[in-house]
Amino acid sequence: MKAVVYQGPKDVVVKEVPDARVEEPTDAVVRITTTNICGSDLHMYEGRTSVEEGKVLGHENTGVVEAVGSGVSRVKVGDRVSVPFNIACGSCRNCVHGWTSFCLRMNPTEGMDGAAYGYANMGPYDGGQAEFLRVPHADFNLLDLPAGTEHENDFTMLSDIFPTGWHGVELSGMVPGDDVAVFGAGPVGLMAAHSALIKGASRVFVVDKAPDRLRLAASIGAVPVDFSAGDPVEQITEQTRGRGVDRGVEAVGYQAHDPSGEEHPELVLDNLVKVVRATGGIGVVGVYMPEDPGAANEGAKQGRIGWDYGTFFTKGQSMGTGQAPVMRYNRQLRDLIVAGRATPGFIVSHELPLEQAPEGYRNFDDRVEGWTKVLLHPGS
Ligand code: NAD
Ligand code: ZN
């Protein structure tokens, strides 16, 4: 089968790899109809990780079940499904409590709980930027979608970024009527803004400097804040009569930068601590990783950062962090889409055949204007 394979920093190719197949009785194989490029793929693409050469990338997968193992009973061949990016056993302590993003069984990497497709340090699983994908514990992990092809560009957001944006808002403790500041108008930040508005926020400020992304934020009723035009904290403080916001969402991650483009991993956390009111909450879904000694790109090591914990403590704020437990939300979010109450596909900018994945990666990574969210359609 054809698949998108990581070869080294800023180098992915589409090539033939062995077919995905049922390896355990509880597996299914899904024929991929849509698979997205994610900001999380860029951590590997930019060489910030030790992901191995030859890894098939892709954790945002939607498709149709092609085959099932003898131990699969709920899921049937021909079902249209969304595949959560988390790979979970369904029966460990964390899974049972709904924290499938911290499954204790599926990731053999020491010190890391939680597994994912096509990802560094998250287990030996290949990704779905390919014609087919092997899904472990298929009865537990797969979400069924209405048959057909309707809403494909909305449903494809269910495997990761719509639940992730929703989770960021949940972690912030938002209640209806709150004002919310979302930092980052990438796909995840836009999903967080969409989620906050659906959940009844009064006003949602979205901070970025990319004009096309800020326009998308405005298109759903959020207030765009351009951090290259002035301090975003001051801009939001002014618009809230000096009060700041009740809740904040971090949707940028380690590669936060200042208007000149210089990386400052602590910048967004510091701004959130400033702009969220005392006793308010902050949800961090932008990714920060432990230092990865094997990272391909020496200059981009992660790990310890300095941020203003003193002000965070003094203001009595709370913070939630981490990879999103997709299954906690994906059923309800699917039904919001079916009911016409959620339209996460509004961020889609490009739909490409699998063969054009390298072009998609390059342009999304370079933040070329207009390349907001790239979907790949194997077999198209
Ligand atoms: P992205 O890189 O396209 O979006 C990040 C945006 O942040 C960009 O538009 C950039 O211009 C903006 N930005 C940079 N510095 C900023 C600053 N100082 N202030 C405000 N905005 C700034 O990627 P994405 O796909 O939206 O992903 C965002 C983050 O979410 C990544 O770190 C990704 O790994 C992470 N993520 C986390 C989860 C999870 O489960 N927690 C899931 C998916 C993605
Ligand atoms: Zn993703």
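How each quantity is defined
- Residues numbered from 1 in each chain as written.
- Chains lettered and ligands numbered in written order.
- Predicted model: local features only at pLDDT ≥ 70, side-chain atom pairs only at ≥ 80, totals over all residues.
- Heavy atoms only, no water.
- UniProt positions renumbered as here; feature names shortened; annotations may be inferred.
- Near = heavy atom within 4 Å.
- Polar contact = N/O pair within 3.5 Å; in protein donor to acceptor, adjacent residues only side chain to side chain.
- Areas by Shrake-Rupley, 256 points an atom, 1.4 Å probe, with all protein chains shown as cover.
- Donors = N, O, S within 2.8 Å, 3.2 Å for Na, K, Ca; no water.
- Helix = DSSP H or I, 4+ residues; strand = E, 2+ residues; numbered from the N terminus.
- Buried < 20%, exposed > 50% of the residue type's maximum accessible area, 1.4 Å probe, protein only.
- Core = buried A, V, L, I, M, F, W, Y, C linked by side-chain atoms within 4.5 Å.
- Domains from an automatic or database assignment.
- Contact = heavy atoms within 4.5 Å.
- Phe/Tyr/Trp six-rings, centres within 6.5 Å; stacked < 30°, edge-to-face > 60°.

- The name an unreviewed UniProt entry assigns to the chain is Glutathione-independent formaldehyde dehydrogenase, from the organism Kineococcus radiotolerans.
- Its UniProt record gives the chain a comment under Sequence similarities (unreviewed entry), which states: "Belongs to the zinc-containing alcohol dehydrogenase family."
- As recorded by UniProt, the Cofactor (unreviewed entry) comment attached to the chain reads in full: "Zn(2+)".

**What about the site of ligand 1?**
Phase 1: In the vicinity of ligand 1 there are 30 residues, among which Ser40, His43, Asp208, Ala324 and Arg367 approach most closely.
Phase 2: In the environment of ligand 1, an oxygen atom lies 3.0 Å from a nitrogen or oxygen atom belonging to the backbone of Gly39.
Phase 3: Take Gly322: an N or O atom from its main chain is 3.1 Å from a nitrogen atom of ligand 1.
Phase 4: In isolation ligand 1 offers 860 Å² of accessible surface; the protein chains occlude 98% of this area.

**Some words on the coordination of the zinc ion (ligand 2)**
Phase 1: Donor atoms from the polypeptide that bind the zinc ion (ligand 2) are Cys38 (SG), His59 (NE2), Glu60 (OE) and Asp160 (OD), placed at 2.0 to 2.2 Å.
Phase 2: Counting along the primary sequence, the residues that act as donors to the zinc ion (ligand 2) give the motif C-x20-H-E-x99-D. Of this pair, Cys38 sits in the loop between β3 (28–36) and α1 (39–45) while His59 sits in the loop between α1 and β4 (61–68); the two residues are 21 residues apart in sequence, bridging distant segments of the chain. Here Cys38 matches His59 in class, with each residue buried.

**Digging into the nonpolar core**
The nonpolar side chains of soluble globular proteins are, as a tendency, buried together.
Phase 1: With 37 residues, the main nonpolar core has Leu158, Phe162, Val180, Val204 and Val206 as its most contacted residues.
Phase 2: Those elements that place two or more of their residues in this core are α5 (161–172), β10 (180–183), α6 (187–198), β11 (204–208), α7 (211–219) and α11 (330–338).
Phase 3: For this core, the element with the most residues is α6, which contributes seven residues.
Phase 4: Mapping this core onto the domain boundaries places at least three of its residues in each of domain 1 (2–160 + 325–377) and domain 2 (165–321).
Phase 5: With residues near it in sequence (within four places) discarded, Val206 still touches Val182, Gly184, Ala185, Ala193, Leu214, Ala217, Ala222, Val223, Pro224 and Val225.

**Examining the packing of aromatic side chains**
Phase 1: One pass over the structure, following the stated rule, counts seven aromatic pairs.
Phase 2: Their ring planes at 35 degrees and their centres at 5.2 Å tell us that Tyr45 and Tyr361 sit as a pair that is tilted. With Tyr45 in helix α1 and Tyr361 in helix α12 (residues 357–365), this residue pair connects regions lying 316 residues apart in the sequence.
Phase 3: On the basis of relative accessibility, which here comes to 3%, the residue Tyr45 falls in the buried class.
Phase 4: Assessed through its relative accessible area of 0%, Tyr361 is described here as buried.
Phase 5: An aromatic cluster is present here, built from Trp307, Tyr309 and Phe312 joined pairwise through their rings.

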